Amino acid sequence: MTKFVVTPANVAQRDAWAGGAIPEVERVRPGLWSVPVPIPVNPLRYVLVYVLELPDGVAIIDAGWNTDEAYDALVAGLAVAGYAITDVKGVLVTHIHPDHYGLAGRVREMSGAWIALHPADARLVRERYDDAAIDSLVERERELLRRCGVPELTLDELAGASMMIRHVVTMARPDRLVEDGDELGLPGWDLRAVWTPGHSPGHLCFVSPARRVLFSGDHVLAKITPIVAVHPQSGPNPLADYLDSLAAVRKLDVEEVLPAHEYRFLELAERVDTVMAHHDERLAEIERVVGSLDGAACWDLATRLTWSRPWETIPPFMRRAANNETLAHLAWLEARGRVRRVAGEQDLWFPA
Ligand SMILES: [Zn+2]
Ligand SMILES: [Zn+2]
């Protein structure tokens with residue numbers, strides 16, 4: 001195995017992240033910039049927006065949340081690279097989550113840029129971000145949580161837990177749909193889309209074989225593993241999708257990974273192996289707990305797992321994610337015949 005060697009710029013970005021600071025706007029390669037756009041009240045702190053120079057302007061990968069602070073940071077970052085917001089020709093969105101997609105509509109309004117998204121995420125836009133449709137989504141989330149055995153008293157709090165962040169997204173329909181393997185056709189760039197469902201159904205990575213970089217969105221990050229959860233808008237077995245998508249990017253011959261959070265890094269294959277091993281351990285732990293209880297609901301299982309902090313101190317939004325992540329692992333184990341679900345008022349989980 002080759003040793004982990006970091007480039008000087010890489011060290012600066014990583015050090016800023018480790019020190020709790022926002023990294024500098026950076027020229028990552030000739031014609032390629034990284035612009036940190038702050039996310040308010042979120043431990044991730046910022047999204048790294050990538051600016052790709054074109055003969056007549058720029059394309060950006062991801063946009064940030066729809067706040068004035070984020071917009072101003074994006075405009076300031078573009079200025080460091082020598083561009084104005086009106087120079088943005090296209091916004092390639094890795095996935096529908098508000099920290100990536102939220103600001104895309106405002107950028108289009110200011111610049112006339114197109115917005116590109118994978119069809120599997122484009123399909124979710126209306127239900128997720130349109131006021132007229134949101135009630136049905138909350139209702140489906142409530143039903144999912146109820147079947148998981150979430151206590152009646154906490155149901156409402158949990159089902160509506162993400163409503164508070166909806167104002168950081170403008171509802172913008174994409175202008176371009178990008179599928180697996182599509183060449184983006186940006187002048188001067190050999191950029192190709194890699195569909196990587198799991199974290200979201202339509203998550204996209206973008207690879208440039210000539211520059212040997214992978215824009216990995218939230219799919220592969222240096223330190224954290226993205227949430228992979230069953231929820232009303234997910235497929236039935238998102239963890240299987242995610243692990244397949246990891247295997248797909250592991251094969252790519254790239255030098256550096258340019259993720260949407262934390263910092264850029266080398267050694268894609270090594271990181272993918274670590275993330276896969278993490279899920280293997282998690283699956284084994286969940287299988288053990290299912291075996292020890294012999295007929296428990298997902299929520300009860302989730303409260304007994306190891307989390308980064310005691311269950312009682314986890315806020316509602318994160319508890320829902322924890323529950324839905326546990327459900328994703330259960331669904332994976334069920335598909336492999338390692339656990340058994342008995343459907344009812346509440347779904348109960350048994351050893352196979
Ligand atoms: Zn995300
Ligand atoms: Zn993200």
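Further up the page is the structure itself.
Residues numbered from 1 in each chain as written. Chains lettered and ligands numbered in written order. Predicted model: local features only at pLDDT ≥ 70, side-chain atom pairs only at ≥ 80, totals over all residues. Heavy atoms only, no water.

(A) The coordination of the zinc ion (ligand 1), seen in detail. Protein coordination at the zinc ion (ligand 1): the donors are His95 (NE2), His97 (ND1), His199 (NE2) and Asp218 (OD), at 2.1 to 2.3 Å from the metal. Taken together, the four donor atoms coordinating the zinc ion (ligand 1) and their angles of 89 to 177 degrees define a geometry best described as irregular. One chain supplies every donor to the zinc ion (ligand 1), and in sequence these donors are spaced H-x1-H-x101-H-x18-D. In this structure the zinc ion (ligand 2) is found 3.5 Å away from the zinc ion (ligand 1), and Asp218 serves as a bridging donor for the pair. Taken as a pair, His97 in the loop between strand E5 (88-92) and helix H3 (98-101) and Asp218 in the loop between strand E10 (213-217) and helix H9 (238-250) lie far apart in primary sequence, 121 residues in all. (Donors = N, O, S within 2.8 Å, 3.2 Å for Na, K, Ca; no water. Tetrahedral: all angles 85-135°; square planar, octahedral: opposite > 155°, others 65-115°. Helix = DSSP H or I, 4+ residues; strand = E, 2+ residues; numbered from the N terminus.)

(B) Expanded view of the packing of aromatic side chains. Evaluated as defined, the whole model comprises four aromatic pairs. Seen in terms of ring centroids, Trp17 and Tyr263 are 5.2 Å apart; in terms of plane orientation they differ by 55 degrees. Their pairing is tilted. With Trp17 in helix H1 (residues 8-18) and Tyr263 in the loop between strand E11 (256-259) and helix H10 (268-293), this residue pair connects regions lying 246 residues apart in the sequence. When the centroid spacing of 5.3 Å and the interplanar angle of 65 degrees are considered together, the rings of Tyr50 and Phe215 count as edge-to-face. (Phe/Tyr/Trp six-rings, centres within 6.5 Å; stacked < 30°, edge-to-face > 60°.)

(C) Highlighting the coordination of the zinc ion (ligand 2). For the zinc ion (ligand 2), the protein coordination sphere consists of Asp99 (OD), His100 (NE2), Asp218 (OD), Asp218 (OD) and His261 (NE2), at 2.1 to 2.8 Å. Of note, the zinc ion (ligand 2) draws all its donor residues from one chain, in the sequence arrangement D-H-x117-D-x42-H. Residue His100 is classed as buried on the basis of its relative accessible area of 0%. Residue Asp218 is classed as buried on the basis of its relative accessible area of 5%. (Buried < 20%, exposed > 50% of the residue type's maximum accessible area, 1.4 Å probe, protein only.)

Keep in mind that these numbers describe shape and distance, not what the molecule does.
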